[in-house]
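Listed below are the residues making up each chain.
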Amino acid sequence: MAEVRLEHVTKRFSEDVAALDDLTLEVADGEFLILVGPSGCGKTTALRLVAGLEKPTSGAIAIGGRIVNDVTPRDRDIAMVFQNYALYPHMTVHRNLAFGLKERRTPKPEIERRVREASAILGLDDLLGRRPAQLSGGQRQRVAMGRALVREPKAFLLDEPLSNLDAKLRVQMRAELKRIHQRLGITTIYVTHDQVEAMTLGDRIVVMSNGRVQQIGKPQEVYRRPQNLFVAGFIGSPPMNLLRGRCADGSIRLGDLDLPWSGPDAAEVAVGFRPEDLRPAGDGGPSLEFVVDVVEPLGNEVVVHGTTAGTAVESGAEEEAEIPLVAEGARAAITAVFAPADEPAPGDHMRLGIVPDRVHLFDLHTREAIGR
Amino acid sequence: MAVRGANIRRAVTSDHVVGWAFASPAVLLIVVFGLIPIVWSALLSFQKTNLLSPAHWVGLANYRALPKDPLFEQSMVHSAIYTVLFVPFSVAGGLLTAVALNRPLRGIRIYRTAVFVPVVVSTIATVIIFLWVFDPNFGLANWLLGKVGLGPFAFFTSSNGALYSIVAMTVWGWIGFNVIVYLAALQGIPRELVEAAEIDGAGALGIFRNVTLPLLGPVTLFLVVWSSINALQLFDEVYLATNGGPGTATYVPVFYLYKLAFQGGIAGYAAAIAYVLFAVILVLTIVQLMVGKRMVHYAP
Ligand SMILES: Nc1ncnc2c1ncn2[C@@H]1O[C@H](COP(=O)(O)OP(=O)(O)OP(=O)(O)O)[C@@H](O)[C@H]1O
Ligand SMILES: [Mg+2]
């Protein structure tokens, strides 16, 4: 086990664009660190650099206190689980698990012991004689984990290991991964697209965009206090509502909403509020006019899409293909999450109550959060 | 009448008829140049004929005569030696060359093209080149071997060396084909598998032995079967380079039966040789496929 450090690491595949731009990151011994970010932001590149499959253009990578820039993957003593598992198709599960140990000249009884142990943890005992082609997706995923486990490496690198599984299996494997990490405490870097994995699995998450770190912190901290517009828009599902507002004369004004403001006058800001912080307005308190457009009852909650007077702000984390649900001139689309009892009907006109403490403010020019 | 008309129309426009219509040119070619000669030579092998005067049936006499024919035995032995050398050298050589060329070197396309050129060069040109290179007195080969203190060798004109010279020449001419097939297969090996093996701690040799080679299994089996068939049917190079000589040193079955049928006028006996050779090829191929099936892993 060991800590992993990346210091000012830049990776360019071509002259003009950097897949990773000055990445500095420290993963503590035994920590479970999550890398999240949109497609193409450099997550896989970061893992491959740590694994030694790619050389950094500049910067240093250290594992267990040793600079490994010039060390081959073989001698870095890390294990990696690839997104598509990369199991050896011509070997049985047993040989897949044992291969790394055999190549490292581990004594036979020791190989046997570790394979038994890993297959017991992962429930692979009955599958040891099969080939990867004879396994289900979930079983392959477990074999890929097993191949990493038997090695007892300094660190695990996992590249979206659950992305090929169906929703139910994902929930199950997520819990299993957490259990394995609690049990073995091996330093882990885990790449994912998935909000839930990011929020639940990691000790800390690193939000990346365009090869740069946007924010590093505990999951709850990143969720509660996003440092910039990108993180605000990226973390959370459905994403945070972001609207153009004006701070002046002790209040933040946005449409017909008026929130108290004690900071200096700033011309224009982005005002953000999470869908679950919006409620049908009771009496008193600040509120926002809202027209219901689409209602999605999910059982334990109701997702309500609609519009309010105002202008939406783009966070930069939107999916490219996102189609605005409503795009009329002066109205902005917003989303709220209600309790099932509050389910509205499409076309309803209502007011949404907002708790002033739960409102996020961002500078429209620097795109950074404004403290209050 | 109306009913019959409809039936005919349905029959003519059905997929069946249309399908055969599209296939008919190919079927015709296969029947005329494949099926008819196969059946005809089968009949010939039971006859005594010189293809010109009327034939008469001799039963199994042609086949019975074969084991007592020393030239036939010699041809088969030469063919066996040739195949046992040609197949491993061209397949293993093709593999090693492909691995060497499967990397991002500067000008790699030029090397790849160069390796493939001999395949598209006609046999006659290949033979002319090798008659030069292997010329006992002025050839490049003896000149080079002389530099390291070997030779001179007589090559095509030596009764001990002629067959091996043909092996060398045909390997040179064929290897490019195997290289191209292996290169294509190497590109098809998922990069992550090699990377996974690297991370698992395998060295270059370990990766080659445990990942690359097994994944090339199906292609290797194909190339072994394919080059074995070609090796057993060797003819052009012998005909052009040595004409079976010196003496009968490079007689192989197809060359021998050609001599018999078209120069000796003993077509029935020649057809029997052709059928024995066919049986040998068939059995060898079946054995190779059966052994291969156990050794080769096919990716899902
Ligand atoms: N071998 C390569 N050659 C050239 N460009 C590359 C290479 N590998 C990655 N890139 C580029 O580097 C950037 C980061 O890629 P990377 O694979 O790290 O993204 P990612 O965050 O893992 O994305 P995803 O979530 O889609 O897997 C992308 O713009 C990609 O096109
Ligand atoms: Mg990726």
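Starting afresh in each chain, residues are numbered from 1 along the sequence in its written order. Each chain takes a letter, starting from A, and each ligand takes a number, starting from 1, following the order in which they are written. Residues qualify for local features only when their pLDDT is at least 70, as the model is predicted, and side-chain atom pairs are given and counted only at 80 or more; totals for whole chains, interfaces and linings, by contrast, use all residues. The side-chain quantities take in all heavy atoms of the structure and omit both hydrogens and water.

Participant: Which parts of the structure should I look at to understand the domain arrangement of chain B?
Facilitator: You'll often see interface size given as the accessible area lost when the parts meet. Delimitation of the domains relies on an automatic or database domain assignment. For chain B, the assigned domains are domain 1 (2–44) and domain 2 (65–295). For domain 1 of chain B versus domain 2 of chain B, the separation of C-alpha centres amounts to 38 Å.

Participant: Can you walk me through the environment of Gly173 of chain B in this structure?
Facilitator: Helix and strand assignments come from DSSP, with helices taken as H or I runs of at least 4 residues and strands as E runs of at least 2, each series counted from the N terminus. Take Gly173 of chain B: it is sitting in helix H8 (residues 162–187). A contact between two residues is defined here by any heavy atoms of the two lying within 4.5 Å. If we ignore the near neighbours within four places in the chain, the residues touching Gly173 of chain B are Pro118 and Val119 of chain B.

Participant: Just checking my understanding: could you explain the sheet that holds strand E17 (residues 302–309) of chain A for this structure?
Facilitator: Note on sheets: strands pair through backbone hydrogen bonds, and any given pair is parallel or antiparallel. All names here are of chain A. At least two bridges found by DSSP between two strands are what make those strands a pair. If you trace the 5 strands from one edge of the open sheet to the other, you get E15-E19-E16-E17-E18, paired in antiparallel fashion. The outermost strands of the open sheet, each flanked by one partner alone, are strand E15 (278–280) and strand E18 (331–338). Adjacent strand axes in the sheet meet at a mean angle of 45°, parallel and antiparallel pairs treated alike. The pairing of strand E16 (residues 287–297) with E17 spans 6 bridges and is classified as antiparallel. The residue bridging Val294 from the neighbouring strand is His305, located in E17. Helix axes are fitted only over the stretch in contact, all axes being lines through C-alpha atoms; the angle between N-to-C directions runs from 0 to 180 degrees.

Participant: In this structure, what is going on with the sheet that holds strand E11 (residues 241–248) of chain A? I would like to understand it.
Facilitator: Residue and element names in this part refer to chain A. Read across the open sheet, the 5 strands follow the order E13-E12-E11-E14-E20; overall the sheet is antiparallel. With partners counted over all chains shown, the strands left at the sheet margins are strand E13 (257–260) and strand E20 (360–363), one partner each. Between one strand and the next, the sheet's axes are offset by a mean angle of 35°, whatever the strand orientation. Looking at chain direction, strand E14 (residues 266–273) and E20 are connected through 4 bridges and run antiparallel. Counterpart to Gly272 in the pairing with E20 is His360.

Participant: Would you explain the site of ligand 1 in this entry?
Facilitator: Residue and element names in this part refer to chain A. The cutoff for a nearby residue is simple: one of its non-hydrogen atoms must lie within 4 Å of the molecule or strand. Contacts to ligand 1 come from Phe13, Ala19, Ser39, Gly40, Cys41, Gly42, Lys43, Thr44, Thr45, Glu160 and His193. Two N or O atoms count as a polar contact when they lie within 3.5 Å, although within protein this holds only if one can serve as hydrogen donor and the other as acceptor, and sequence-adjacent residues are included solely when both atoms are side-chain atoms. At 3.0 Å, a backbone N or O of Gly42 approaches an oxygen atom of ligand 1. Method for areas: the Shrake-Rupley scheme with a 1.4 Å probe, in which residue coverage is limited to the protein chains shown. The protein chains hide 59% of the 630 Å² of surface that ligand 1 would expose on its own. Here the element with the most residues in the shell around ligand 1 is helix H1 (residues 43–51); it accounts for 3 residues. For this scheme, ten residues count as nonpolar: Ala, Val, Leu, Ile, Met, Phe, Trp, Tyr, Cys and Pro. Four count as charged, namely Asp, Glu, Lys and Arg, and the remainder, Gly too, count as polar. Looking at side-chain class alone, the shell around ligand 1 contains 3 nonpolar, 6 polar and 2 charged residues.

Participant: Could you clarify how one ought to interpret helix H13 (residues 253–263) of chain B in this entry?
Facilitator: The periodicity of an α-helix, 3.6 residues per turn, causes residues three or four positions apart to be oriented the same way. Only protein chains enter the accessibility calculation, which uses a 1.4 Å probe; a residue whose area is less than 20% of its type maximum is buried, one above 50% is exposed, and one in between is partly exposed. Buried residues of H13 of chain B: Pro253, Val254, Phe255, Tyr256, Leu257, Leu260 and Ala261 of chain B, and no others. Of the residues flanking the end of H13 of chain B, it is Gly265 of chain B, one or two places downstream, whose phi is positive at about 65°.

Participant: Just checking my understanding: could you explain the pattern of salt bridges for this structure?
Facilitator: Side chains carrying opposite charge are able to pair once their charged atoms draw close together. Residues and elements named next belong to chain A. Just to be clear on terms, a salt bridge is a Lys or Arg side-chain nitrogen sitting within 4 Å of an Asp or Glu carboxyl oxygen. Here the structure, examined in full by the defined rule, presents 20 salt bridges over all chains. A salt bridge links Arg170 to Glu197; the shortest N-O distance between them is 3.7 Å. Here the residue Arg170 occupies a position in helix H6 (residues 167–184), and Glu197 occupies one in helix H7 (residues 195–201), the gap between them amounting to 27 residues. The exposure class assigned to Glu197 is buried, which follows from its relative accessible area of 2%. For Glu268, the salt bridge is made with Arg244, and the minimal N-O distance between the two is 3.0 Å. Of this pair, Glu268 sits in strand E14 while Arg244 sits in strand E11, and the two are 24 residues apart along the sequence. Note on Arg244: relative accessible area 35%, which makes it partly exposed. What you see here is one network of salt bridges that share partners, running through Glu110, Arg113, Arg114, Glu117 and Glu152.

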